[in-house]
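Structure assessment
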Amino acid sequence: MGPPSRSGFYVSRAVALLLAGLAAALLLALAVLASLYGRCARVPPSELRDRGAPAAAPSLPGKQEPASRPGPTPEPDAAASPPTWRPPGPWDQLRLPRWLVPLHYELELWPRLRPDDLSASALRFTGRVNITVRCTAATARLLLHSLFLDCERAEVHGPLSPDAGDATAGRSSVVETWFAVDMQYLVLELGEALQPGSLYELQLSFSGPVSQDTREGLFLNLYTDQGERRALLASQMEPTFARNVFPCFDEPALKATFNITIIHHPRYVALSNMPKLSQSEKEDVNGSKWTVTTFHTTPPMPTYLAAFVVCDYGHISRIERGKEIRIWARKDAIAEGNADFALNITGPIFSFLEDLFNISYPLPKTDIIALPTFDNRAMENWGLLIFDESLLLLQPNDKLTEKKIVISFTVSHEIGHQWFGNLVTMNWWNNIWLNEGFASYFEFGIINHFIPKFPRNEIFFFNILHGALREDHALVSRAVSVNVESFTETNEINELFDLFTYSKGASLARMLSSFLNEKIFIRALKSYLETFSYANAEQDDLWRHFQMAIDDQSKILLPATVKSIMDSWTHQSGFPVITLNVSTGVMKQEPFYLGKVKNQTLLTHNDTWIIPVLWIKNGTTQSLVWLDKSSKVFPEMQISDSDHDWVILNLNMTGYYRVNYDELGWKKLNQQLEKDPKAIPVIHRLQLVDDAFSLSKNDYIEIETALDLTKYLAEEDEIIVWHAVLMNLVTRDLVSDGNNYEIYPLLKKYLLKRLISIWNTYSTTIRENVTALQEDYLALILLEKVFGTACWLGLEDCLQLSRELFRNWMNHPENEIPNPIKNVILCYGIALGNDKEWDFLLKIYNNNTKEEERIQLAYAMSCSKDPWILNRYMDYAITVSPFTFNETNVIEAVAEASEVGRYVAKDFLINNWQAVSKRYGTQSLVTLLYVIGRTISTDSQILELQQFCSNMLEEHQRLTVQAKLQTIRNENLKGKERSARIAAWLRKNT
């Protein structure tokens, strides 16, 4: 365990004088005082942070996730703590001991935020909390969570009389209080043990800092509204940040009711989980008046759902089924109608889920608030949902972006949590996927309900499945459901909010729904939600309710229990590859590895999956089969070389696996694509391309097999299939490596011949009716790759369109470049232009205040092919105006943009490395060396770069760079072999 923090006592002035005159009785006096009032140990938050108290780890958008929390910091330095030693005890464990069960919190918070004083660098809050607990085991030691808090008073009252309210039979003396910093506990040592079965009330007064650097606990946002600088306070408690705001039992299974009171400046409004109950006025010691807002009692909920906001915002509202929904945002945003779309979709989504599960939303109101800064996240707090405004507010110029669908997905996800997470909560964080996976899955059902033509399978693949399959593989990734005993630190909880929890969890929920059918799937979830409402559940509880639904019918027959089937997917990492030999009907499974190992006996992943296989034959859906062992024979899947049959496994890609075929199986599919590609559904044309290229990249099949599937592409009019092909053939390394001169003309001739049809379709739309793209979500997110490839391949119409759109924008700035292709047009407008275009873009950059757009413009300026312009750009960023390009490392942007840029950046770095290091930090030099060395393939090139960086870096950095460059070289050598085979195939087929 880590050393305990230092302790302190607080006494009145009179007592202090008495103690000064009675030095001989000091210890006795202190003991007497301690028996009356427990004084909490003080660990100043600033000191604790300086010593490196644990912080949060990164997470996905949509809690979404998915990539913005700070990483873990070092553990506290033992030298900073007093030498007091504590024996091993429960404070060394991550989980709280089950001695006390919280029933109710009376919580009061008083943040000292004033609208006329936003300059305070150390804003603090004070608070009081009374926690009613039930004692389940006799104990004279109490543990609560507390972090970064100064605790000024601690008392324990009880046993409480159940009939007398707050009347108590006595008070338990608090002899000592101290912090167990490693596990973030506040420990209260009592003079006598609490009695099992009795109720007690813990009363604590505390203060703490408002976070200004992270969005954790109670944090500050500074922003501009109506031409004024303003501030607001908001909270983020999930997963383990409630302890930063008030001492509490900060675990998801320890649900309790809350009465919340917020004291705030009269010009602000206070929001919390429940509607306002009352307001009164309070005067502080300086005579300043404050407003006291008290809220109704919450339902039982975990601490991570408690929520508070203090702000000067406007709102709009509507009534849905008798309950008020309010969207809060900056007053400018409300006046401009930016919150209207979110308000219009929120009520219907609530109603849809209420009807789907036949369970009403239990709270009397819903507030949704848009924060200026929330790290591109959203949080589902019961009754007070908090969003980054980029995920909630729709701007007028967002029409030609994917923003409307992104907002719809995010709102759907957070509302889904009102049932999955809020009403029924996982018992502990190891099963957080029960919250996030199901909320992510139901996003798609909700959107599909309101937009029936929505290409649900294709978008699920792009948004969810593709990323999960790309990152998940045997031996390296983690299981969705993690063993509780494997957790030893709080930071490990924060790390669970990752792609596997969200995307793999959603994919497994989708697979479960597909082999059960939607009707049984929803019936089981209804039963599960009803049974565990206001309570907690384990993964096995969910499987039990699915099994009950299966047992109540006779149509669906499973090869094993639901638990056995699903545990094979949730308790092991990775996913399988199933291979079908169509000549024999033999199907086998094996784990998917990044780079198949010939000697599989070296690997330790011995488990199999129980795999549902939905499949089609000649376009007709067949009966579900199960691969529940390493291999199995399915005679119905046999086909011969002489017939015209074809087979595709994994209907609609609902299974969480990849599919391989024998040589004949791939041949038959290729023949069908060339004969009549539309006979194979879009999702399966996409699947064939994605599986084939992934399997070839990792040595399961030959690259030629994947390339054969692209011959038909002249007939392909679905942009998502084209996107998958281009992402595999036109990679970043290929585009930026001038040594690929052999493959470029071959690829140009092969692709342009096939690309022209889909190019003509979308270029005509861009020129004649660009607004038609508003409802084409796939085009909005995928068109950039198609246009970028066409220009890179030198398609004259693409280059001409780039010139037209860029110059039209230069001459008439109101004629915005269509957003889906804006990056491409900006880049090629600069690449095809001269200093006139470049200077124009710099002027636009300097007049722009939006960070996202400034980054876009900064990268576009690096697309120039003129070395003198690029050198001027880098010099401008480093020396002339070093604080202009704060969002972008300009040297890195230039090096990444093109082969010309890489050479120019390298020369610039040789002559200016000290200035670059000063501007961007020493680590930026390491990153730049990786970018510059991205195409190396020989030892001499590595030696050259090592000599190049010898004066720039410290010894440990040089060793790191050397190892990384060796890895890059090895990968590039393998890539060159692959490129040579692609070039040979192109010669035969062009």
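A brief report on the enclosed structure follows.

**A short note on the overall build of the chain**
Counting secondary structure elements, the chain contains 30 helices and 31 strands. Classification of the 990 residues of the chain by burial places 58% in the buried group. Looking at the chain as shown, the accessible area adds up to about 39,400 Å², and 51% of this sits on carbon and sulfur atoms.

**Here's the deal with the side chain of Asp662**
Its place among the elements puts Asp662 in the loop between strand S31 (658–661) and helix H14 (663–675). Buried within the structure, Asp662 lacks any salt-bridge partner; Lys668 is the closest side chain of opposite charge, at an N-O distance of 11 Å. A polar side-chain atom of Asp662 sits 2.9 Å from the main-chain amide nitrogen of Gly665. In this structure, Asp662 is in contact with Leu580, Asn581, Val582 and Ser583, ignoring residues within four places of it in sequence.

**Quick notes on the sheet that holds strand S26 (residues 615–617)**
Hydrogen bonds between backbone atoms are what pair the strands of a sheet, whose relative direction is either parallel or antiparallel. The strand order across the open sheet formed by three strands is S27-S26-S30, and the pairing between neighbours is antiparallel. Each edge of the open sheet is held by one strand with a lone partner, namely strand S27 (620–621) and strand S30 (647–649). With three bridges connecting them, S26 and S30 associate as antiparallel partners. Counted as the bridge partner of Trp615 is Leu649 from S30.

**Notes on the pattern of salt bridges**
What the rule picks out here adds up to 50 salt bridges. The residue Glu155 makes a salt bridge to Arg153 at a minimum N-O spacing of 3.1 Å. One exposure class covers both Glu155 and Arg153, and it is buried. Where Arg767 meets Glu804, a salt bridge forms, and the shortest distance between an N and an O atom there is 3.9 Å. Taken together, the positions of Arg767 in helix H19 (residues 743–768) and Glu804 in helix H21 (residues 796–811) put the pair 37 residues apart, joining distant regions of the chain. Taking the relative accessible area as the measure of exposure, Glu804 reaches 36% and is therefore partly exposed. Salt bridges linked by common partners bring Asp225, Glu228, Arg230, Asp312 and Lys331 together as one network.

**A look at the state of the cysteines**
In the structure shown here, the tally under the stated rule is two disulfides. The side chain of Cys791 participates in a disulfide bridge whose partner is Cys798; the two sulfur atoms lie 2.0 Å from each other. On the sign convention where negative is left-handed, the bridge of Cys791 and Cys798, at about -90° about the S-S bond, is left-handed. Of the two residues, Cys791 and Cys798, both sit in the buried class. Shown here is the disulfide that connects Cys827 with Cys863, its sulfur atoms set 2.0 Å apart. Here the disulfide of Cys827 and Cys863 is left-handed, its torsion about the S-S bond being about -105°. Placement of Cys827 in helix H22 (residues 822–831) and of Cys863 in the loop between helix H24 (851–861) and helix H25 (867–880) is noted, with a sequence separation of 36 residues between them. When its relative accessible area of 9% is taken as the criterion, Cys863 is described as buried.

**Details of H14**
Taking 1.5 Å per residue, 13 residues should reach 18 Å; H14 reaches 18 Å between its end C-alpha atoms and fits that length. Considered for burial, the residues of H14 that qualify are Leu664, Gly665, Trp666, Lys668, Leu669, Asn670, Gln672 and Leu673. Those residues of H14 that are buried are in contact with S30, S31, helix H15 (682–697) and helix H16 (703–708).

**Topic: the environment of Val721**
Note on placement: Val721 falls in helix H17 (residues 719–729). Not counting residues up to four positions away in its chain, the partners in contact with Val721 are Val682, Arg685, Leu686, Val689, Tyr712 and Glu716.

**Description of the packing of helix H10 (residues 499–516) against helix H11 (residues 518–531)**
Two elements in contact, H10 and H11, have axes separated by 6 Å at closest approach and are oriented at 120°. One finds that H10 runs oblique with respect to H11. Contact residues: Ala509, Leu512, Ser513 and Leu516 in H10; Glu518, Ile520 and Phe521 in H11. When the residues that make up the contact of H10 with H11 are grouped by side-chain class, the tally is five nonpolar, one polar and one charged.

**Regarding H25**
Along H25, the residues that are buried comprise Ile869, Leu870, Tyr873, Met874, Ala877 and Ile878. All buried residues of H25 fall inside an arc of 160° around its axis, so they share one side. In the core, the buried residues of H25 are packed alongside helix H23 (835–846), H24, helix H26 (890–897) and helix H27 (899–920).

**Brief notes about the pairing of strand S20 (residues 384–388)**
Of all five residues in S20, five are buried, a share of seventy percent or more. In S20, alternate side chains face the same way, and those of Leu384, Ile386 and Asp388 on one face and Leu385 and Phe387 on the other are all buried. Connecting strand S19 (residues 378–379) to the next strand, S20, in antiparallel fashion are four residues, including Gly383 with a positive phi near 85°.

**Considering the sheet that holds strand S9 (residues 217–225)**
Strand order in this open sheet of four strands is S9-S10-S15-S12, and the pairing throughout is antiparallel. Sheet topology places S9 and strand S12 (269–272) at the edges, where each strand pairs with a single neighbour. Adjacent strand axes in the sheet meet at a mean angle of 15° when their direction is disregarded. Of the pairings in the sheet, the one linking S12 to strand S15 (residues 308–311) comprises four bridges and is antiparallel in character. Opposite Ala270, over in S15, you have Val310 as the bridge partner.

**Focus: the side chain of Glu716**
Positionally, Glu716 belongs in the loop between H16 and H17. We classify Glu716 as buried; its relative accessible area is 2%. Polar side-chain contacts of Glu716 include one of 2.7 Å to the side chain of Arg685. Within polar-contact distance, the side chain of Glu716 engages the backbone nitrogen of Glu718 at 2.9 Å. Those residues in contact with Glu716, other than ones at most four positions away along the chain, are Arg685, Val721, Trp722 and Ile758.

**Thoughts on the environment of Val625**
Positionally, Val625 belongs in strand S28 (residues 625–627). In this structure, the C-alpha to C-alpha distance between Val625 and Val613, residues 12 residues apart in sequence, is 5.2 Å. Ignoring any residue separated from it by four or fewer positions in sequence, one finds Val625 in contact with Ile611, Pro612, Val613, Trp615, Phe634, Glu636 and Met637.

**Digging into the packing of aromatic side chains**
Counting across every chain of the model gives 47 aromatic pairs. With 5.9 Å between their ring centres and 15° between their planes, Phe219 and Phe374 make a pair best called stacked. One end of the pair, Phe219, is in strand S9; the other, Phe374, is in the loop between strand S18 (365–371) and S19, and 155 residues separate them in sequence. When sorted by exposure, Phe219 lands in the same class as Phe374, which is buried. An aromatic cluster of at least three residues, connected via ring pairs, comprises Phe350, Phe357, Tyr361, Trp419, Phe420, Trp433, Phe438, Tyr441, Phe442, Phe521, Trp543 and Phe546. Here the basic side chain of Arg112 rests over the ring of Trp110, its NZ or CZ set 3.8 Å away from the ring centre.

**Concerning the nonpolar core**
Among the nonpolar cores identified, the biggest contains 324 residues, and Phe246, Trp419 and Leu649 are the most heavily contacted of them. In terms of residue count, the dominant contributor to this core is helix H20 (residues 777–792) (12 residues). Apart from the residues lying within four places of it in its own chain, the contact partners of Leu649 are Ile578, Leu580, Met587, Val613, Leu614, Trp615, Met637, Val659, Tyr661 and Gln687.

**Side note on unusual backbone geometry**
At the junction of Gly158 and Pro159, the peptide bond is cis and its omega measures out at 0° in the coordinates. Summarising the element assignment, Pro159 is placed in the loop between strand S4 (150–157) and strand S5 (171–172). Look at Phe148: it is not a glycine, yet its phi comes out positive at around 65°. Mapped onto the fold, Phe148 is located in the loop between strand S3 (139–145) and S4. Judged by relative accessible area, Phe148 falls into the buried class, the value being 7%. For Asn358, which is not glycine, the phi torsion reads 55° and is therefore positive. Considering the arrangement of structural elements, one finds Asn358 in the loop between helix H5 (340–357) and S18.

**Some words on the pairing of strand S6 (residues 174–180)**
The side chains of a regular strand alternate, first on one face of the sheet and then on the other. Burial analysis of S6 places five of its seven residues in the buried class, which makes it a mostly covered element. Both S6 and strand S7 (residues 185–194) contribute to a ladder of six bridges, which runs antiparallel. What sits directly across from Phe179, in S7, is Leu186. The hairpin formed by S6 and S7 contains four residues between the paired strands, and Gln184 there has a positive phi angle of roughly 65°.

What counts and what doesn't
- Residues numbered from 1 in each chain as written.
- Predicted model: local features only at pLDDT ≥ 70, side-chain atom pairs only at ≥ 80, totals over all residues.
- Heavy atoms only, no water.
- Helix = DSSP H or I, 4+ residues; strand = E, 2+ residues; numbered from the N terminus.
- Buried < 20%, exposed > 50% of the residue type's maximum accessible area, 1.4 Å probe, protein only.
- Areas by Shrake-Rupley, 256 points an atom, 1.4 Å probe, with all protein chains shown as cover.
- Lys, Arg positive; Asp, Glu negative; His and termini not counted.
- Salt bridge = Lys/Arg side-chain N within 4 Å of Asp/Glu carboxyl O.
- Polar contact = N/O pair within 3.5 Å; in protein donor to acceptor, adjacent residues only side chain to side chain.
- Contact = heavy atoms within 4.5 Å.
- Pairing = 2+ DSSP bridges.
- Disulfide = S-S within 2.5 Å.
- Expected span 1.5 Å × (residues − 1).
- Axes fitted to C-alpha atoms, helices over the stretch in contact; angles between N-to-C directions.
- Parallel < 35°, antiparallel > 145°, perpendicular 65-115°, else oblique.
- Nonpolar A, V, L, I, M, F, W, Y, C, P; charged D, E, K, R; others polar.
- Arc of directions from axis to C-beta.
- Phe/Tyr/Trp six-rings, centres within 6.5 Å; stacked < 30°, edge-to-face > 60°.
- Lys NZ or Arg CZ within 6 Å of the ring centre and 35° of its normal.
- Core = buried A, V, L, I, M, F, W, Y, C linked by side-chain atoms within 4.5 Å.

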